[in-house]
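Here are the chains, one letter per residue:
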Amino acid sequence: MNVNIIGGGPGGLYASILLKKTHSDWDVTVYERNPQGVTYGWGIVFPDRTISNLAEADAPSHRAITENFERWDPFDIRYGDERYRCGGNTFASMMRTDLLTVLQDRCRDVGVDLQFETTISEPGELAAESDLCIFADGIHSRSRDAFADEFGTDIVEGEARFSWFGTEQDFEALTHIFVENDDGIWCAHTYPSPTSTFIVDCDAETWERSGLEQASESEYLSYLEDVFADHLGGHSLLSQQDQWRRFETVTNERWHHDNMVLLGDAAHTAHYSIGSGTTLAMEDAIGLMETFESHDDIERALSAYEASRRPFVDNLLSAAERSRIHFEKVARYYDLPPRQFAVHHLTRSGRLTYGSLKRRDPSFVQAFDEWFARTTPGDSVLPPAYQPLDVGGTRLENRFVRPLETTFSAVDGTPSTQQLSMVPDAAADGPGLVLTEPLAVAPDARRTTGSPGLYTEEHTDAWADVLASVPADVTVGTRLLHAGAHGGVEAQILESGGYKERESTWAPRLSDEYPVRPAEFAPDALSSSQREAVVENFSDAARRAADAGFEYLQIDGGTDSLFGDLLALEGSLDDRTELLRDVVSAVSQSWPDSNALGVTIPVSGAEPTGISMTDAFEIADRLATVGCDVVAPVDAQRGSRALDQSGPSDFSDDLRNETGISTIATAPTTSVDKVNTLVATGRADLCLFPRRVPDQ
């Protein structure tokens, strides 16, 4: 078979080695546009996993690589004057030039034809002359771009600016250095090699203030040497005329077309902060080689290659994307206490957790636990999830929020025996915050005829009887709801007493295919009397909740509520938030100061819900000024009919660290490790945990 490879980087060279090694009768040629020995870039990083894979794929090149690399265990984070070192993160690094030399020598050993200083301007013509044509020409692949429609190529440019440099300063380990100056926050990603790699990035605001866009190379090198002077040890920064860029995230719907196949950065890019670009390319080469060991047909082999590699790559790219966004928004987290910032940073991509850090370096996590314990009202060193929390005057014994099942078994708003019995059953499972299903604030605010309410003294008495038996270390809270257009019934109070159920006329009904809304539903569609009634209903229900013995109160402003509908509309934020702010203000007057008050708000950056993250920040700030202590963000795209159907914890992280308000991570989890991670890193104060809390 005739195999032509465009691109003589690590991925293309390694693919040629493996294909020629396993099929000695194939003609394999690599075309590289640069002269031999000329390359750009500094060091590359290998995780332990990749090193093992290289050993199995080709022992000779593995031996040569391991003879050239430096290995280290810890990960250092420099934050101001502090250093936080976490062990157990084994990596190896080597100069890119050394890796290319090793792979080029191995190519010659197995009989690969290397063609340097050869630019393939018509990749389609080369593919027509080939049985197999591999596009491995990097992130700016001209070959891929020539068939962008066929591959379904998408390229998204990030916001942060970055550039690669080198330095003779020696670093003991992979190190992320954070320095703040008058212009903003700068980060250096460094790792050891004979010449250490030194990648510098900054967010868009810092870049704008620095004025480096107009600076010459000598000017910006001098500027950065001053920024990182305390970490360079008198050494200068070395440049290969590196340019400042925005990172480009490359994805392709298809990795192959006819006999052409993408490999490495041409197919997918992983943000440099997780150090996986070269390793992904070389592991792609292994995957491609393995498929041709079991498939003779080109189409079947390329389909198998993509099917086997894509799940792993997609998972890693998701982690890389989270890491990229973290660096672009690092100012949001920079005010965290230094030790907490370090743990937040280590877990930014989701690949590391509190538990995995503890397994890798128990002493690192023990030091963190001791620090975290000093920030809580507890008197014991415990994992973060089990530390108590004072919020809005309410003492919670741990960070778990246990929602009760929604049953819709109430009669005229009075909770059924089944609904009431769930409270003592949950309390018997141990300390924490138990949260009932939503209680309607008025007969016409219910979702269905079976929805419980808190709009009569009978309802108050029913809840008071059951709450009186709850142990002191269990906090029972409830949610107050006005279903608005989501209500299935309206109750007409008859002169003879009792209720008559009828179809709701509260507001225009929504389509069953949420979140489509009727055009006529708008803030001004509610009359002043309706607005006054809503405020009064919530205020009265809050008073009843306090009388019943609830210690935490949460106003449901989720997507399938009256407030969720208003918040999601177009128009001014003043109009959309006015009713919710009036309700929170009134409730805070009826609700004891010693008990916490929370609000559920829907969040989404996507249309058609209209609730951007920026809106959410402003909403949280406004609610905090009128008495809200806790915000529980839910995913506006998925709805919030039940709290345990809500969206990702990232909303909690962003809200808490942008606004400073306490948050509940409403993405349900049954993993204590995830709760520990979210609480330890300052991503959330409380976490939804819909099962019994195990002993710590």
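Note that the coordinates shown come from a computational prediction; the quantities given were computed from them, not determined experimentally.

Calculation notes
- Residues numbered from 1 in each chain as written.
- Predicted model: local features only at pLDDT ≥ 70, side-chain atom pairs only at ≥ 80, totals over all residues.
- Heavy atoms only, no water.
- Helix = DSSP H or I, 4+ residues; strand = E, 2+ residues; numbered from the N terminus.
- Buried < 20%, exposed > 50% of the residue type's maximum accessible area, 1.4 Å probe, protein only.
- Areas by Shrake-Rupley, 256 points an atom, 1.4 Å probe, with all protein chains shown as cover.
- Lys, Arg positive; Asp, Glu negative; His and termini not counted.
- Charge placed at Lys NZ, Arg CZ, Asp CG, Glu CD.
- Patch = residues over 30% accessible without salt bridge, like charges linked within 9 Å, V, L, I, M, F, W, Y side chains within 5 Å.
- Salt bridge = Lys/Arg side-chain N within 4 Å of Asp/Glu carboxyl O.
- Axes fitted to C-alpha atoms, helices over the stretch in contact; angles between N-to-C directions.
- Left-handed = near helix turned anticlockwise from the far one by under 90°.
- Contact = heavy atoms within 4.5 Å.
- Nonpolar A, V, L, I, M, F, W, Y, C, P; charged D, E, K, R; others polar.
- Phe/Tyr/Trp six-rings, centres within 6.5 Å; stacked < 30°, edge-to-face > 60°.
- Core = buried A, V, L, I, M, F, W, Y, C linked by side-chain atoms within 4.5 Å.
- Pairing = 2+ DSSP bridges.

A. Geometry of the overall build of the protein chain. Scanning the protein chain from N- to C-terminus turns up 24 helices and 30 strands. Seen through its principal axes, the protein chain has C-alpha atoms that stretch 95 × 55 × 50 Å. Taken across its 696 residues, the protein chain has 59% of its residues classed as buried. When the accessible surface of the protein chain is totalled, it reaches about 27200 Å², and 44% of it is carbon and sulfur. When the 56 basic and 114 acidic side-chain charges of the protein chain are each reduced to a single mean position, those positions are 3 Å apart.

B. Quick peek at a negative patch on the surface. Taken together, Asp149, Glu150, Asp258, Asp296, Asp297 and Glu299 make up a surface patch of like negative charges. As for its placement among the helices and strands, Asp258 is situated in the loop between β17 (256-257) and β18 (260-262).

C. Representation of the packing of helix α2 (residues 48-57) against helix α11 (residues 277-294). Running from N to C, α2 and α11 point in directions that differ by 35°, and their axes come no closer than 11 Å. You can see that α2 and α11 cross each other, and the crossing is left-handed. Residue-level inspection shows Arg49, Thr50, Asn53, Leu54 and Ala57 of α2 in contact with α11, the latter providing Thr279, Met282, Glu283 and Ile286. When grouped by side-chain class, the residues that make up the contact of α2 with α11 number 4 nonpolar, 3 polar and 2 charged.

D. How the structure looks around the pattern of salt bridges. Within the structure shown, the criterion is met by 31 salt bridges. A network of salt bridges, in which partner residues are shared, links Asp76, Arg83, Arg85 and Glu172.

E. Spatial organisation of the packing of aromatic side chains. Within this structure, the stated rule accounts for 28 aromatic pairs. With centroids separated by 4.7 Å and ring planes inclined at 35°, the aromatic side chains of Phe162 and Tyr272 adopt a geometry described as tilted. In this pair, Phe162 is assigned in strand β11 (residues 161-167) and Tyr272 in the loop between β18 and α11, connecting sequence segments 110 residues apart. Among the residues examined, Phe162 registers a relative accessible area of 5% and is labelled buried. Residue Tyr272 is classed as buried on the basis of its relative accessible area, which comes to 13%. Through a chain of ring-to-ring contacts, the aromatic side chains of Tyr79, Phe178, Phe327, Tyr334 and Phe341 assemble into a single cluster.

F. Quick look at unusual backbone geometry. Backbone geometry at Glu117 places phi at a positive 50°, although glycine is not the residue there. Structurally, Glu117 can be placed in the loop between β8 (113-115) and α5 (123-128). Since its relative accessible area comes to 59%, Glu117 is described here as exposed. Positive phi outside glycine occurs at Phe408, with the angle close to 55°. Mapped onto the elements of the fold, Phe408 is located in the loop between β21 (400-403) and α17 (417-427). For Phe408, a relative accessible area of 34% puts it in the partly exposed group.

G. Looking closely at the nonpolar core. Counting 65 residues, the largest nonpolar core has Tyr14, Phe46, Ile65, Leu132, Ile134, Leu263 and Phe292 as the members making the most contacts within it. Excluding residues that lie within four positions of it along the chain, Phe292 makes contacts with Met1, Leu19, His23, Trp26, Leu132, Ile298, Ala301 and Leu302. Among the nonpolar cores identified, the runner-up in size contains 64 residues, and Val476, Val599, Phe617 and Leu623 belong to it.

H. Broad picture of the sheet that holds β8. The strand order across the open sheet formed by 6 strands is β8-β2-β1-β9-β18-β17, and the pairing between neighbours is mixed. Of all the strands in the sheet, the pair left with one neighbour each is β8 and β17. Relative to strand β2 (residues 27-31), strand β1 (residues 2-6) is paired through 5 bridges, and the arrangement is parallel. When the sheet's bridge partners are listed, Ile6 is paired in β2 with Tyr31.

I. Expanded view of the side chain of Thr677. Here Thr677 is to be found in helix α24 (residues 672-680). For Thr677, a relative accessible area of 10% translates into the label buried. For Thr677, the contacting residues outside a window of four places in its chain are Thr347, Thr353 and Tyr354.

J. Region of interest: the sheet that holds strand β13 (residues 184-191). If you walk across this open sheet you meet the 7 strands as β6-β5-β12-β13-β14-β11-β15, and the pairing is mixed. Both outer strands of the open sheet, β6 (82-86) and β15 (237-238), are each paired with one neighbouring strand and no more. Where β11 meets β15, 2 bridges bridge the pair, whose relative direction is antiparallel. Within β15, the residue paired with Gly166 across the bridge is Leu238.

K. Focus on the environment of Gly87. The topology assignment puts Gly87 in the loop between β6 and β7 (91-95). Measuring from C-alpha to C-alpha, the distance between Gly87 and Pro362 comes to 8.9 Å, with 275 residues separating the pair along the chain. Once residues lying within four places of it in the same chain are set aside, the contact partners of Gly87 are Asp73, Pro74, Arg360 and Asp361.

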